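# Chain and residue survey
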Amino acid sequence: MRRLEALHQLVDLTENRPVVVTCAATSRELASIADRDNHLYLLDSMGLAGSVTTGLAMAVEDSPIEKVIGVEGDGSLLMNPNVLPTGGYTSPRALMLVLLDNRVYGSTAGLPTYADRIDLGAITEAAGWTVCRADDPETLREEFTRLVRTPGPTLLHVRIEPGNAPNTPKLLADPVTLTNRFQTWLAPKLLP
Ligand SMILES: [Mg+2]
């Protein structure tokens, strides 16, 4: 499964959910499929998708929002793996990460990450999260649906092929504008 195929599934599954997206190719490819107000693209903020998702999950604890969905990459998660014990220890009910794991740094010439030999799903499980795995679009949908209804920190570990979609336009929007757009979308969703 290519990243773009996985993102197509996620677009279908997250129309009314807050989605925090890691930087570079993942943000660009998601925006090329659907650029929605519920997407918070973390442009140039590698390693922070998990942290922002955790903070938002804590903030929506008493709201009707089922899950805040963070879309993370293996290289980015490895830049800030502290989010795993933080999530397991604090255990926000609304925390969910989708890890698109291609075992390479997709935006820097495909150099291998540690995920080449280390199972990030197993590390996440050891940190107290509920983990499911998917290698194809159908399993991705099934396991997403299961995890989105599972309280506490959850991770969907999605194995994808290395490589980026060709000719994807750069995402040049102002991060302040993107954040305002996301906040405006989110605010009414917080009301009971
Ligand atoms: Mg990667």
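Parameters and conventions
Residues numbered from 1 in each chain as written. Predicted model: local features only at pLDDT ≥ 70, side-chain atom pairs only at ≥ 80, totals over all residues. Heavy atoms only, no water. 1 Å grid on protein atoms, 1.4 Å probe; cavity = no way out; pocket = protein on both sides within 12 Å on 5 of 7 lines; lining within 4 Å. Points joined across faces, edges and corners; volume = space filled by probe spheres on them. Nonpolar A, V, L, I, M, F, W, Y, C, P; charged D, E, K, R; others polar. Donors = N, O, S within 2.8 Å, 3.2 Å for Na, K, Ca; no water. Helix = DSSP H or I, 4+ residues; strand = E, 2+ residues; numbered from the N terminus. Buried < 20%, exposed > 50% of the residue type's maximum accessible area, 1.4 Å probe, protein only. Salt bridge = Lys/Arg side-chain N within 4 Å of Asp/Glu carboxyl O. Pairing = 2+ DSSP bridges. Axes fitted to C-alpha atoms, helices over the stretch in contact; angles between N-to-C directions.

## Overview of empty space enclosed by the protein
With the rule as written, the count across this model stands at one cavity of 30 Å³ or more. Looking at the largest cavity, its volume works out to about 30 Å³. Every residue along the wall of the largest cavity is listed here: Leu 10, Val 11, Thr 14, Val 19, Leu 30, His 39 and Val 71. When the residues that make up the lining of the largest cavity are grouped by side-chain class, the tally is five nonpolar, two polar and no charged.

## Here we look at the coordination of the magnesium ion
The magnesium ion binds to the protein through Asp 74 (OD), Asn 102 (OD1) and Val 104 (O), with metal-donor distances spanning 2.1 to 2.2 Å. Look at where the donors of the magnesium ion fall in the sequence and you get D-x27-N-x1-V. Of this pair, Asp 74 sits in helix 4 (residues 74-79) while Asn 102 is found in the loop between strand 4 (95-101) and strand 5 (104-105), placing the two residues 28 residues apart along the sequence. Of the two residues, Asp 74 and Asn 102, both sit in the buried class.

## A look at the layout of surface pockets
Left-over empty space is what a probe sized like a water molecule reveals as it rolls over the atoms. Of the volumes computed, that of the largest pocket is approximately 270 Å³. If you go around the largest pocket, you meet 20 residues; those closest to its centre are Cys 23, Met 46, Tyr 105, Gly 106 and Ser 107. Every element with two or more residues in the lining of the largest pocket is listed here: helix 2 (25-33), strand 3 (68-73), helix 4 and strand 5. No other element matches helix 4, which puts three residues into the lining of the largest pocket. Across the lining of the largest pocket, the residue classes tally to eight nonpolar, nine polar and three charged.

## Quick word on the pattern of salt bridges
Evaluated as defined, the whole model comprises 10 salt bridges. Note that Glu 29 is salt-bridged to Arg 3, the shortest N-O span being 2.9 Å. Here Glu 29, found in helix 2, pairs with Arg 3, found in helix 1 (residues 3-13); they are 26 residues apart in sequence, far enough to count as distant. What makes Glu 29 buried here is its relative accessible area of 2%. With a relative accessible area of 5%, Arg 3 lands in the buried category. Via salt bridges that share partners, Asp 35, Asp 37 and Arg 181 belong to a single interconnected network.

## Some details on the sheet that holds strand 1 (residues 19-21)
The sheet built from six strands is open, its strands ordered 2-1-3-4-8-7 with parallel pairing. Both outer strands of the open sheet, strand 2 (39-41) and strand 7 (130-134), are each paired with one neighbouring strand and no more. Neighbouring strand axes in the sheet, compared pairwise and without regard to direction, differ in orientation by 20° on average. As judged from the three bridges shared by strand 1 and strand 2, these two strands associate in the parallel manner.

Function-wise, these values are silent; they only describe arrangement.
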